[in-house]
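Structural features, examined
Each chain, written out:
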Amino acid sequence: MTQEFQQKLKHLVEEALSEDIGNGDHSTLSSIDAEEEGSAVLKIKQDGVLAGVDVARFIFEYKEPGCSFEVFKRDGEPMFAGEKAFEVAAHEHTILQCERLVLNCMQRMSGIATLTKQYTDKLKGYKTKLLDTRKTTPNFRLLEKEAVRIGGGVNHRFGLYDMIMLKDNHIDYAGGIEKAINKAHDYVLKNELDIKIEVETRSIDDVKKVIAIGEGKVFRVMLDNYTPEQITEALNLIAGRFETEASGGINLETIESYAATGVDYVSVGGLIHQARSLDLSLKAVL
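Predicted model only: the values in this text are computed from it and were never measured.

Definitions and limits used
Residues numbered from 1 in each chain as written. Predicted model: local features only at pLDDT ≥ 70, side-chain atom pairs only at ≥ 80, totals over all residues. Heavy atoms only, no water. Helix = DSSP H or I, 4+ residues; strand = E, 2+ residues; numbered from the N terminus. Buried < 20%, exposed > 50% of the residue type's maximum accessible area, 1.4 Å probe, protein only. Contact = heavy atoms within 4.5 Å. Axes fitted to C-alpha atoms, helices over the stretch in contact; angles between N-to-C directions. Left-handed = near helix turned anticlockwise from the far one by under 90°. Nonpolar A, V, L, I, M, F, W, Y, C, P; charged D, E, K, R; others polar. Pairing = 2+ DSSP bridges. Right-handed = clockwise from strand over helix to strand, strands pointing away. Core = buried A, V, L, I, M, F, W, Y, C linked by side-chain atoms within 4.5 Å. Patch = residues over 30% accessible without salt bridge, like charges linked within 9 Å, V, L, I, M, F, W, Y side chains within 5 Å. Areas by Shrake-Rupley, 256 points an atom, 1.4 Å probe, with all protein chains shown as cover. Salt bridge = Lys/Arg side-chain N within 4 Å of Asp/Glu carboxyl O. Lys, Arg positive; Asp, Glu negative; His and termini not counted. Charge placed at Lys NZ, Arg CZ, Asp CG, Glu CD. Polar contact = N/O pair within 3.5 Å; in protein donor to acceptor, adjacent residues only side chain to side chain.

As for the environment of L223
- Inspection of the secondary structure assignment puts L223 in strand β9 (residues 220-224).
- Under the relative-accessibility criterion, L223 is labelled buried at 0%.
- It is 41 Å that separates the C-alpha atoms of L223 and A85, two residues lying 138 residues apart in sequence.
- Each residue touching L223, except ones within four places of it in the same chain, is listed here: T201, V207, I231, A234, T244, E245, A246 and S247.

Focus on the packing of helix α1 (residues 3-21) against helix α4 (residues 92-122)
- Remark: α1 packs on α4, axes separated minimally by 10 Å, with the N-to-C direction vectors making an angle of 115°. The crossing of α1 and α4 is right-handed. Contact residues: α1 offers V13, A16, L17, D20 and I21, while α4 offers Q97, R100 and L101.
- Among the residues making up the contact of α1 with α4, the classes are represented as five nonpolar, one polar and two charged.

A short note on the pairing of strand β10 (residues 243-247)
- By the criterion of burial, β10 is predominantly enclosed, with four of the five residues buried.
- The pairing of β9 with β10 spans five bridges and is classified as parallel. Bridging across to β10, R220 finds its partner in E243.
- In this view, the connection linking β9 to its parallel neighbour β10 by way of helix α9 (residues 228-238) has right-handed handedness.
- Relative to strand β11 (residues 265-267), β10 is paired through two bridges, and the arrangement is parallel. Directly across from E245, in β11, lies its bridge partner Y265.

Comments concerning the nonpolar core
- If you look at the biggest cluster of nonpolar residues, it comprises 85 residues, and the most contacted ones within it are L42, F60, F86, M106, L143, L166 and V199.
- By residue number, the principal contributor to this core is α4, which donates 12 residues.
- M106 has contacts with L42, L50, A51, G52, V53, A56, F86 and L280, leaving out every residue within four places of it along the chain.

Regarding a negative patch on the surface
- Taken together, the side chains of D33, E35, E36 and E37 define an acidic patch exposed on the protein surface.
- Within the secondary structure, E35 sits in the loop between α2 (26-31) and β1 (37-44).
- By relative accessible area, which is 62% here, E35 ends up exposed.

Let's talk about the environment of V207
- Along the chain, V207 turns up in helix α8 (residues 204-213).
- Each residue touching V207, except ones within four places of it in the same chain, is listed here: T201, L223, Y226, A234 and I238.

Brief notes about the sheet that holds β9
- Strand order in the open sheet formed by six strands is β6-β11-β10-β9-β8-β7, and the pairing between neighbours is parallel. On the outer flanks of this sheet lie β6 (129-131) and β7 (164-166), each paired with one strand and no other. Sheet twist, expressed as the average angle between the axes of neighbouring strands with direction ignored, equals 25°.
- Examined bridge by bridge, β6 and β11 share three bridges and lie parallel to one another. When the bridges of β11 are listed, L130 appears paired with V266.

What about the side chain of T133?
- Relative to the helices and strands, T133 is located in the loop between β6 and α5 (141-150).
- When its relative accessible area of 16% is taken as the criterion, T133 is described as buried.
- For T133, the side chain forms a polar contact with the main-chain nitrogen of K135, separated by 3.0 Å.
- T133 has contacts with K145, S267, V268, G269 and I272, leaving out every residue within four places of it along the chain.

Purely geometric stuff here, so don't read any function into it on its own.
And the structure:
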C-alpha cells in the first residue's frame, strides 16, 4: 500500500467503524469481558478471486495494533469454497467490532475482482487493457478500484481532480469540441497542472475535429458507443497520434470484438456496479 492509499483507507475505516459502533457495541459489551482474547478464521464459501485480505489486516491492526494476523491465501489468488483466507488473534471485542466491516469489504471486493478477472481473461492475446470508471459507490471508491486492480484491470482516473475528461456535457456546455479542448489546454497551462486531457467523441466527425487541433493537447480519445467497425475506422484516422479508449455498453459477450480492433483501452462501468458480492464468513475458533 502506498502512503496515500493508507491515508485514504484509514479515513474509510475510521468512518465505517464509527458508523457501525456508534456509542458502543452493546451486544459485545454486555456479553463478553473486555480482557478476553480469541481467534477467528475467514472462511470462503464461494469460488472466485480473493480480494481484501490486506484491507482486513489493516482494519484489525488499526483497531488493535498488537493483534496476530496469519495469511493463508493472498489477494488476487483463486479461492474455492471450503478454504480459509486468514486467521486473526486479538481481543474478542476487536474481532466482533471489526467483523462486519471486514466482511463487507472483502465480499464486495472479491465480487469485483472475480468479475474483472472474467473480463481480463477475454483480453488475453490482445494489446487492449481493461479500465474501470467513476461509476462507484460513494465513499467506497478506494476499495472498489483496488479490487479492479487485484482482478487484473487498470484504474482509470480516481476522481475529478487527477485528469481532465471532456465528456459530452462538457463539450456541449463549452460550445463544441474544439472550444472545449482549447479551453482545457489553456487552463492546464495557466495553472501549471500536471494532468492530462482526454476527450470523448460521439462520431467520426468528432474524431476528425480532435485530430485537427488536438495534437500536443489531448493524450487520449474516447470512442463512446461506437461499433467495432466504427472503432476500426477511427483508429485508422487517428493513426497512433493519441491513446484510444472504447466505451459504452461493452460487456463480456462483446469485449473481445472491441479488443480485436486494436484499441488501447476498453472501459467497463459494470466491473463495479454490476458485480455481485461473494459469500465469506468470519467464524470464532473455539
